[in-house]
Structures are given as C-alpha cells and as structure tokens.
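Each chain is listed here by its residues.
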Amino acid sequence: MRLHLSRGVSASIGATLLLGAPALAQLVDRTLAPNVINEGINKSYAEQIGAGRGNVMTPGSSQFIINRDPARAIRRGRQLFQRKFNRIQGQGPLEFDGEGDINRDLIIGAGLSDSCASCHGRPRGSAGAGGDVATRPDSRDAPHLFGLGLKEMLADEITTELRTIRSQAIAQAQQCHCTVQRNLIGKGIFYGRIVAFSNGSVSTSQVRGVDPDLRVRPFFHHGGTISIREFAVGAFNAEMGLESPDPDLLAASGGAKITTPSGMVLDGSKDTIESPPVNSPTHDGDDDGVVNEIPESIVDFMEFYLLHYFKAGTGQQSTDSQTGRALMSQMGCTSCHVPDLTINKDRRIADVETRFDSAQGNPFNRLFATATLQLTAVDDGSGHPTLKKPNLGSFVVRNIFTDFRRHDLGPNFHERDYDGTIRRQFMTTPLWGVGNTGPYGHDGRSMNLRDVILRHGGEAQTARDRFANAGSTAQRQVVEFLNTLVLFPPDDTASNLQPKAPTTAGYPQAGHGSIRLTGLFNDPTDLE
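## Let's talk about the sheet that holds strand S7 (residues 202–203)
An order of S5-S6-S7 is seen for the three strands of this open sheet, with the pairing classed as antiparallel. Edge strands, defined here as strands with exactly one partner in the open sheet, are strand S5 (180–186) and S7. Note that strand S6 (residues 189–196) and S7 share two bridges and pair antiparallel. The residue bridging Val195 from the neighbouring strand is Ser203, located in S7. Each of S5, S6 and S7 touches helix H4 (residues 148–176); the most contacted strand, S5, lies at about 165° to it.

## Comments concerning the state of the cysteines
Tallied over the entire structure, the rule returns one disulfide. For Cys176, the disulfide goes to Cys178, at an S-S distance of 1.8 Å. Handedness here is read from the sign of the S-S torsion; for Cys176 and Cys178, about -70°, the answer is left-handed. What makes Cys176 partly exposed here is its relative accessible area of 35%. No disulfide involves Cys333; its sulfur sits 9.2 Å from that of Cys336, the nearest cysteine. Of the residues examined, Cys333 reaches a relative accessible area of 17% and is grouped as buried.

## Focus: unusual backbone geometry
Arg122 connects to Pro123 through a cis peptide bond whose omega is 0°. Mapping Pro123 onto the fold places it in the loop between strand S1 (120–122) and strand S2 (129–130). The amide bond that connects Tyr507 to the next residue, Pro508, takes the cis arrangement and shows omega of 5°. With respect to the element layout, Pro508 can be found in the segment after strand S22 (494–495). The phi dihedral of Phe220 is positive, around 80°, even though this residue is not glycine. Among the secondary structure elements, Phe220 is positioned in the loop between S7 and helix H5 (228–240). Its identity is not glycine, yet Leu392 carries a phi of approximately 60°, on the positive side.

Rules and cut-offs
Numbers given for residues are sequential positions, taken from 1 along each chain in its written order. Selection of residues for local features in this predicted model requires a pLDDT of at least 70, selection of side-chain atom pairs for listing and counting requires 80 or more, and totals for whole chains, interfaces and linings are taken over all residues. Hydrogens and waters are ignored; side-chain quantities use all the structure's heavy atoms. Criterion used throughout: strands pair if DSSP finds at least two bridges between them. Helical segments are the DSSP runs of H or I of at least four residues, strand segments are the runs of E of at least two, and each set is numbered from the N terminus. Two residues form a contact once any of their heavy atoms are found within 4.5 Å. Whenever a helix is involved, its axis is fitted only over the stretch in contact; in every case the axis is a line through C-alpha atoms, and angles between N-to-C directions fall within 0 to 180 degrees. Two cysteine sulfurs form what is called a disulfide whenever their separation falls within 2.5 Å. Exposure is judged per residue with a 1.4 Å probe applied to protein chains only, and the accessible area is read against the type maximum: over 50% gives exposed, under 20% gives buried, and values in between give partly exposed.

Here is the structure:
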C-alpha cells in the first residue's frame, strides 16, 4: 500500500504503522504516571521542549524537527495539545486568580484547565469542541479547531488582496489628482468599498464586515485574532495560567516583521499583534515560582500542529442531502456561507481528506481518511535527514461555508458584555463540522440546526424567511445536508496511514485503524 504523494516523494506504509498504542484525549505523561498498558505521552515535557528553537542544523530543536521530520513535529504538537499540565510545570493560576475588573479584562471569566483538550476535546482525541467559558455574561462555547490552518491562510490572503486594492486606489488617486472609489473584493467576497483621495488618505466608511485596517481576523466568534500563534499563546495563559515569553510575538507586537516557523508573517508595522504575557524567559508574571512555562519550541510545535489540523469530514450522502445543498444556494444561505475557497500558497506539508466509505471505514464511524503529502525533499548536503519543504501550491478548501466577514444577524444573536455594551456583529461561522457540534450559536443557546437557522435575522433575514417558508420537506433536506458535515476522532478513523484490520484479535477495539503519523517519522521506533 502506498501513501498518496506529490512531486515524486514516496513513503511506504508497512509494519511501522502498527507500533505503539493509539492515543486518547487528555493524555497523561507516562514518565510521571507509568501504567500497565503503557498508555499516554511517551516523552517527558523536557524531552518535548528538546533543544529549544535552534535551527535546521540543531538536532532535537523545533526548527530541526519541523523542517526535517515534519510528521513528528505535527505529532508532538498533538501530544502537547492533549497533555495534562501540572503545577510544577506552571499550570495556574488564572489571570489575577479570577479576581479583578472583568469589565476591562474579560479573561478573568475564563475557566482553569489543565489541557487544551479540556475545551477542545469532542469527538474524543480530536481538537474539537466542548468547552464553555464565562468570558461573557451569557457564556461562550469553545469552537472546534478543525481546519484552523486553512482558516489562517485564507484570511491572510484575503487581507493581502484587500490591502492591494487599497494601495492601488491610493496610487491611482495620487496620479490623477482625483478621488477614486474601488470595490473591496477578496476571494470573490465583497467587503464594501474604499475611497482614496489625492493626498494619500482614504475613507473606510463604506467598508463592510472587516475592520478599517482591512485585516481579516479569523479566530474567535467576533473575529479578534490574526494568527494561530497568538491564539495558542493567549489560550495557554488565559485558560491554563501557563505563560510564554514567545520572542516572535514580542518582536512583532513591538513593530517588527517576523516569519514564524510555520510560515505565517506577522508584521507589527501593519497590524496590532498581541504581545506575550511575559517578556523574557526569567519573568514570572503570575508569581507561581515557575518561569519559562511555555518555551518558544513548544509554541513552535503547537503552531505547526494546528496549521495542519484536519479539515472536517463528509458523512454519508443521499439524494435528500444533495438536494439540501442545492436548496441552501437557492435560499441565499451561501451568499454568506460560501462553500469553497481557494488558497494560493498552501503552507502545509500534507492534507487529509475524510469521507464516508462503508467498505474501508470501521464500525465506529464508517469514515475513511486519505492523507496526501504536499512537500519536496531536499538534500542540503549536511548529513542530516533531508529538508521537507512545502510545495506552496494552490489548494481548494471545500465545504468550509464561510465568507470571513462579520455580520449583524439581529437581536437573537446579540451578546451582552460585562460593561453593559452589546456586541452585534459576529464572524460567519464555517459550517464544516456543524453536523455533530451542537448546541449551536456562539453561546450554545440553540439546541438543533433548525432552531439556529430560524434564529437568524438582520442581514440574514431574507434567507431565514425563505427557509421558514420552504415547507417541512425542504427544511428536512437542508438539515440532512448539514448533518453530513462532521468532525471525527482521528484515533478511531481508518486511513491509508493505518487501515482497519478486521482479522485482528479483539476487533474493532483493536485493529480499527487510525490516522497515524508514526510511520512517516524519520525514525518510527522513536515514539512521541
């Protein structure tokens, strides 16, 4: 059996894939909590930190592993995501230990966790949904993280397109000594208009769905954060009391332009970048006696892992579900929930496509995942393993169903803040994974898909009314299609990396297959 690969890179899938037990959610550290069945993370936290960031010539460093052993880097990030951090490692307390002015500092309402999987853990073993926090009076549900890297890349490319239009409008206005108005369109999505004047200034009064700086911020329900790196460092601190002195965010927040190990450009001269909670490895901001709680190498692995996190899957289709998708377009739902968008330069080294397959899928979910490498191996003559460079080709992101814009969906979706203000605009939620991530809405107040659709108003009133007036059959067909957009547990989903093996003793508890990266490591016997 061969893995689907590109540009002549090949990898055989064999007995190495069978090494080690499958991982579960919220993993214990086996070096701290040994057990009879050898379940848990194989490496200690110190071993995961390794040789720090280093460079591509520093064995054991994050730069070395990301560039020369990327499958291991992804897996290490996954183990860190599932790790149960302890007090010795710096877990807790929360911001001001939960006491202070929550009108100003909303993260006081965050819940104290010991693992990323505490909030993002359903389906089991995935970076899914499930958490709920009191950062707003009526709470917020933690969204799933499937496709997070694709969202970062799409939002960044849309930002570049919008800002290019702005620059062109300014240049034209200065050349003609006149006023120039241009439509702002990124990835085919309309973000209003910008007016440029001959003196080089612009009016953004007609800009829609994005901030006046034209930066699309894809993370959080309200669209508040630019990058995975900011998201991860912020969550470590806000949700677990783990402080990172990340030098990339520190430099960018001070105005520098940096490129992270995952290829994301953070330019502090153009954007407001979130600063890390502490400014040096010796700074103990929460006075818990532990410093450098999340070193830069840990942030590197986490960012690389989330860049590559799986897209949502597609469940079993039927005539009714296919009709439902067509009806969504006819009703106007896809004017905001845009089905497919194209990335120009995909920074990932692999993609995983997960679909219903009754023959190859196991009894747990009948899904089958196909992994495809998107990299080129380069021998740099160093004597180290080859560099694995992403191909940076275009990639069509299918079934994402979002426009990366903020919208006002009416008072049914408005949100109270502790200071008495009302938030009225929210990002269009991508619909991939919506089939099994209820309850719905940023606040989890809608129990089923029909309810959350009928909850729409404001800018979506017309589409909502078309759904409401379509009749029970059409409504059922739309919901049936939405139910095919599913998340999945990677450890329990058969794939071309580890297919199901029905003849295994104890099947399907054993031999059910998984999306297993171990066989792609430079040394598959060295388990993470």
